[in-house]
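One letter stands for each residue in the lines below.
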Amino acid sequence: MPNKDKKYPENIAGKIYVDESCIACDACVTAAPGNFSMKEEDGHAFVKKQPQNQQEEDQVREAMEACPVEAIGNDGPEN
């Protein structure tokens, strides 16, 4: 389960975030490349852009479901 107290500082402000349990599997970047990026030097993903439309919301939801360690959190209301 994602922990908002352990989210990476690279995450852009907003409801979606990646926490320290990320294992850099790249699943989120594959599912939602417009919203997630990899910080290669530290070996973890982060949110580079909060979802702005339904397509991005759907892709982010897919990324959350694909994350093998449940490192992606959502502090906003469920759609």
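Structure first, text after, so check above.
Residues numbered from 1 in each chain as written. Predicted model: local features only at pLDDT ≥ 70, side-chain atom pairs only at ≥ 80, totals over all residues. Heavy atoms only, no water.

## With respect to the packing of aromatic side chains
Going by this rule: Side-chain rings of Phe, Tyr and Trp (the six-membered ring for Trp) are treated as a pair once their centres are within 6.5 Å; stacked means planes under 30 degrees apart, edge-to-face means over 60, and tilted covers the remaining angles. Charge-over-ring placement is defined geometrically: NZ (Lys) or CZ (Arg) within 6 Å of the ring centre, and within 35 degrees of the ring normal.
Tallied over the entire structure, the rule returns 0 aromatic pairs. The ring centre of Y17 lies 5.2 Å from the NZ or CZ of K7, which sits over that ring.

## Some thoughts on the pairing of strand β2 (residues 36-39)
Note the cut-off: What makes two strands pair is DSSP finding at least two bridges between them. Helix and strand labels come from DSSP, where a helix needs a run of H or I of at least four residues and a strand needs a run of E of at least two; each type is numbered from the N terminus.
In this sheet, strand β3 (residues 44-47) lies alongside β2 in antiparallel orientation, the contact comprising 4 bridges. Bridging across to β3, F36 finds its partner in V47. If you look at the hairpin formed by β2 and β3, you'll find 4 residues sitting between the two strands, and G43 has a positive phi there, around 70 degrees.

## Some thoughts on the pattern of salt bridges
Our working rule: Any carboxyl oxygen of Asp or Glu within 4 Å of a side-chain nitrogen of Lys or Arg constitutes a salt bridge here. Relative accessibility decides the category of a residue: with a 1.4 Å probe and only protein chains considered, values under 20% of the type maximum give buried, values over 50% give exposed, and everything between is partly exposed.
Within this structure, the stated rule accounts for 5 salt bridges. The salt bridge involving E10 is made with K39; its shortest N-O contact spans 2.7 Å. With E10 in the segment before β1 (16-18) and K39 in strand β2, this pair connects stretches of sequence that are 29 residues apart. Since its relative accessible area comes to 25%, E10 is described here as partly exposed.

## As for empty space enclosed by the protein
In this approach, a probe sized like a water molecule rolls over the atoms, and the result shows the empty space that is left. Put simply, the rule is: Both site types are read off a 1 Å grid over the protein atoms alone. A 1.4 Å probe that fits but cannot get out defines a cavity, while an open set with protein on both sides within 12 Å along at least five of seven lines defines a pocket; lining residues have an atom within 4 Å of a point. Grid points are joined across faces, edges and corners, and a volume is the space filled by probe spheres set on the points. Residue classes follow a fixed rule: Ala, Val, Leu, Ile, Met, Phe, Trp, Tyr, Cys and Pro count as nonpolar, while Asp, Glu, Lys and Arg count as charged, and any other residue, Gly among them, counts as polar.
Inspection of every chain in the model, using the stated rule, returns 1 cavity of 30 Å³ or more. Taken as a whole, the largest cavity spans an internal volume of roughly 70 Å³. In the lining of the largest cavity, the residues fall into 14 nonpolar, no polar and 1 charged.

## Section: the nonpolar core
Put simply, the rule is: Working definition of a nonpolar core: buried Ala, Val, Leu, Ile, Met, Phe, Trp, Tyr and Cys residues. They are joined through side-chain atoms within 4.5 Å. Whether two residues are in contact is decided by their heavy atoms: any pair within 4.5 Å suffices.
Counting residues in hydrophobic clusters, the biggest one holds 17 residues, and the most contacted among them are I16, V18, C22, C28, F36, A63 and I72. Contributing elements (two or more residues each) for this core: β1, α1 (27-31), β2, β3 and α2 (54-66). Looking at this core element by element, the count peaks at 3 residues for α1. Aside from chain neighbours lying at most four places away, what touches C28 is P33, F36, A45, A63 and I72.

## Some words on the environment of V29
Of note, V29 is situated in helix α1. Residues V29 and V60, 31 residues apart in the sequence, show an inter-C-alpha distance of 9.5 Å. In this structure, V29 is in contact with F36, S37 and M38, ignoring residues within four places of it in sequence.

None of the figures reported here should be taken as evidence of function without further support.
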